Amino acid sequence: MLADHLAGNPMGGEYKPLKMYFPDEEVSFVGEVITEGYGGWRMFFDRAANFKGVGIGAFLVLEIGQHYLVSAKLRFPCTNNMAEYKACIMGLNLAIDMNIQELMVIGDSDLLVHQVQGEWATKNTKILPYMYRVQELIKRFTKIEFKHVPRIQNEFVDALATLSSMIQHPDKNFIDLIPVKIHN
């Protein structure tokens, strides 16, 4: 509906703000709500890349409404998958620092979720150190689950990561590259 409206009303020389009601504007996702009925801590993570850099974000939320956010800007060249892993690692470290024992980890990176669960393998030497680090951190929890969600259900942490990618952080608010160690 919005696309039809915009196509039918191209911008000419003078900009005029739209004054149109779109009845579906509050519908953002129809489908399974993955966290419904989960009463413990949940962690959302994501990455964002743009011309200003790569940002990562994670937040922990308890059903009663407590939110704890963390974000950083990466200062090394990395792939999207490396950045997703860094965001997940950052969030897991926050959960460990807060002494959280049970956690549902939620992200829109299908690759990360399936690799961490052992369902998909990787031979990419750039990703392996990150996957190994996540697997080490997982051992610190008594119960941990990983769930994949569509990007539309991960919008809040995506916005956090985008904000972090665009802001100039002081020198101490960045994440360095994980050294590559190949495990046999």
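Preceding block: the structure.
Criteria and thresholds
- Residues numbered from 1 in each chain as written.
- Predicted model: local features only at pLDDT ≥ 70, side-chain atom pairs only at ≥ 80, totals over all residues.
- Heavy atoms only, no water.
- Helix = DSSP H or I, 4+ residues; strand = E, 2+ residues; numbered from the N terminus.
- Buried < 20%, exposed > 50% of the residue type's maximum accessible area, 1.4 Å probe, protein only.
- Contact = heavy atoms within 4.5 Å.
- Core = buried A, V, L, I, M, F, W, Y, C linked by side-chain atoms within 4.5 Å.
- Salt bridge = Lys/Arg side-chain N within 4 Å of Asp/Glu carboxyl O.

**Q** I'd like to hear about the environment of Gln66, residue by residue, with values.
**A** Here Gln66 shows up in the loop between strand S2 (53-61) and strand S3 (67-74). With a relative accessible area of 32%, Gln66 lands in the partly exposed category. Residues Gln66 and Trp41, 25 residues apart in the sequence, show an inter-C-alpha distance of 9.4 Å. Leaving out residues up to four positions away in the same chain, Gln66 has contacts with Trp41, Leu60 and Val61.

**Q** Can you lay out the nonpolar core for me, pointing to particular residues and giving the numbers?
**A** Ranked by size, the top nonpolar core spans 38 residues in total, and within it Cys88, Leu92, Leu103, Val134 and Phe146 carry the most contacts. Ranked by residues supplied to this core, first place goes to helix H2 (residues 80-97) with 11 residues. Residues in contact with Leu92, not counting those within four places in the same chain, are Met43, Leu103, Val105, Val134, Leu137, Phe141 and Ile144. In this structure, Phe44, Phe59, Val149 and Leu160 belong to the second largest nonpolar core, which totals eight residues.

**Q** Explain the pattern of salt bridges residue by residue, including any values.
**A** Two side chains that carry opposite charge are able to pair once their charged atoms sit near each other. According to the stated counting rule, one finds four salt bridges in the structure shown. Among the ionic pairs, Glu136 bridges to Arg133, the shortest N-O distance being 3.1 Å. Of the two residues, Glu136 and Arg133 both sit in helix H4 (residues 128-138), three residues apart, roughly one turn of that helix. A salt bridge links Glu145 to Lys147, with the nearest nitrogen and oxygen atoms 3.6 Å apart.

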